[in-house]
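# Secondary and tertiary structure notes
These are the residues of each chain, in order.
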Amino acid sequence: RAIMLMRQAAFLVILAFALSACQSVGWQLLQVESSPPPLADGRAVYDTATDSALLFGGVTSDNKLSDQTWEWNGETWSQIFPDRHPKARSKQAMAYDPVRKKIVLFGGWDGKSVFNDTWEWNGKDWKQIKPKHPPAARCCHAMAYAGDLKKIILYGGWDSAKGVFYNDVWAWDGKDWHEMDSTGLPQLSGHAMQELPARNEIVSISSTRYVNSWIFSEEQWTDLGINPNPTRSEGRSAYDSLNDLVVYFGGIKDGELQNDTWAFDGQNWYLLNLRPAPSGRFGHVMFYDPMRKAVILFGGLDSTKYYNDTWSLSLPNDISTLILPTPVQTSTP
């Protein structure tokens with residue numbers, strides 16, 4: 001009995017240490033049993049119905065497009081082999097509808113042309129939906145769920161064949177796409193959008209140097225006009241539901257790779273002092289894992305290397321001690 005109690009006590013100590021390590025503040029490189037190949041420009045979102053994240057598509061280190069579907073269970077990655085799936089592609093957009101319990105995918109690029117197809121993931125399989133009024137084909141757009149409308153919002157993107165950049169806004173209700181008013185919105189490509197569920201808002205993080213962040217709420221867009229902000233292309237964001245913060249990492253700014261971490265509280269952006277951190281990159285994926293209580297980052301690309309590393313970021317309830325001073329940015333040319 002004494003030996004059994006000692007073993008139980010040792011197990012509890014190890015478990016407590018593991019939990020504290022998972023929840024310690026900052027970025028941590030995770031050791032996982034399996035992972036997707038080195039990959040950039042795929043997309044991943046968290047599915048609360050299955051308590052897992054889904055990753056699809058991207059470009060591998062041998063410059064081949066991926067049509068693979070991978071699942072993150074909080075500890076490791078596993079490849080899934082559904083009966084159906086979208087064509088291989090990169091730079092598509094994906095978002096999760098928590099009411100319908102579906103992950104929605106739209107568009108993307110196969111290296112030559114762009115798509116305007118709509119797919120949904122139901123937790124087990126992909127299904128192509130054929131709406132009457134799809135948006136124009138594009139890549140490099142962004143999507144997020146609008147809780148007040150119970151619809152997924154799509155904004156912006158780029159048609160590589162036509163050389164056209166978009167500023168249009170569309171809403172997906174599970175049956176069809178509906179175009180919304182986009183008056184005054186900038187043309188954006190390679191930007192990010194993230195829902196703030198506690199506020200029924202979506203923040204759009206600009207990819208254009210002289211454009212501020214915008215907020216979408218009650219079918220209206222508002223230019224926040226705040227700086228500093230993490231304006232750059234091909235960075236990624238996630239919503240930390242524990243701390244009610246949007247977290248943004250990486251991307252390309254003025255031709256330079258970034259590995260800085262930003263947080264948005266609904267009113268202001270804050271540059272955080274978090275070192276060590278993942279190396280500078282773009283085209284990675286990010287999502288919040290509520291089971292681990294951490295933001296998860298996977299993969300991406302720098303000027304010479306594709307990555308397949310998995311990182312975890314945990315933040316404290318009060319980030320004030322992590323905030324770095326930042327220079328004021330010019331918001332108009």
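These numbers come from a predicted model, not from an experiment.

## A closer look at the nonpolar core
- Formed by 18 residues in total, the largest nonpolar core has its most connected members in Trp 27, Leu 272, Leu 274, Met 286, Val 295, Leu 313 and Leu 315.
- The set of elements that each furnish at least two residues to this core consists of strand S21 (245-249), strand S26 (285-289), strand S27 (294-301) and strand S28 (306-314).
- Here this core gets 3 residues from one element, more than from any other, and that element is S21.
- Other than its neighbours up to four places away in sequence, Leu 272 contacts Thr 261, Ala 263, Leu 315, Ile 319, Leu 322, Ile 323 and Leu 324.
- Residues Tyr 155, Ala 171, Met 193 and Ile 202 belong to the second largest nonpolar core, which totals 16 residues.

## Here's the deal with the pairing of strand S8 (residues 93-97)
- Counting buried residues along S8, 5 of its 5 residues qualify, which places the element largely inside the surrounding structure.
- Covered by surrounding structure in S8 are Ala 93, Ala 95 and Asp 97 together with Met 94 and Tyr 96, the residues of both alternating faces.
- As paired elements, S8 and strand S9 (residues 102-109) share 5 bridges and run antiparallel to each other. Bridging from a neighbouring strand, Ala 93 pairs with Phe 106 of S9.
- Linking S8 to S9, which pair antiparallel, is a turn of 4 residues; within it Lys 101 sits at a positive phi near 55°.

## Describing the sheet that holds strand S25 (residues 269-272)
- Ordered in space as S20-S21-S24-S25, the 4 strands form an open sheet in which the pairing is antiparallel. Since the sheet does not close on itself, it has two edges, and those belong to strand S20 (236-240) and S25, each with one partner. Pairwise comparison of adjacent strand axes, ignoring direction, gives a mean angle of 25° for this sheet.

## A word on the pattern of salt bridges
- Tallied over the full model, the rule gives 14 salt bridges.
- Taking the shortest distance from any N to any O, the salt bridge between Arg 232 and Asp 260 comes out at 3.0 Å. Linking Arg 232 in the loop between strand S19 (220-223) and S20 with Asp 260 in the loop between strand S23 (256-257) and strand S24 (261-264), this pair joins segments that are 28 residues apart in sequence.
- A relative accessible area of 2% places Arg 232 in the buried class.
- Relative accessible area serves as the criterion here: at 13%, Asp 260 is assigned to the buried category.
- Salt bridges linked by common partners bring Asp 41, Lys 91, Glu 234 and Arg 236 together as one network.

Criteria and thresholds
Residues numbered from 1 in each chain as written. Predicted model: local features only at pLDDT ≥ 70, side-chain atom pairs only at ≥ 80, totals over all residues. Heavy atoms only, no water. Core = buried A, V, L, I, M, F, W, Y, C linked by side-chain atoms within 4.5 Å. Buried < 20%, exposed > 50% of the residue type's maximum accessible area, 1.4 Å probe, protein only. Helix = DSSP H or I, 4+ residues; strand = E, 2+ residues; numbered from the N terminus. Contact = heavy atoms within 4.5 Å. Pairing = 2+ DSSP bridges. Axes fitted to C-alpha atoms, helices over the stretch in contact; angles between N-to-C directions. Salt bridge = Lys/Arg side-chain N within 4 Å of Asp/Glu carboxyl O.

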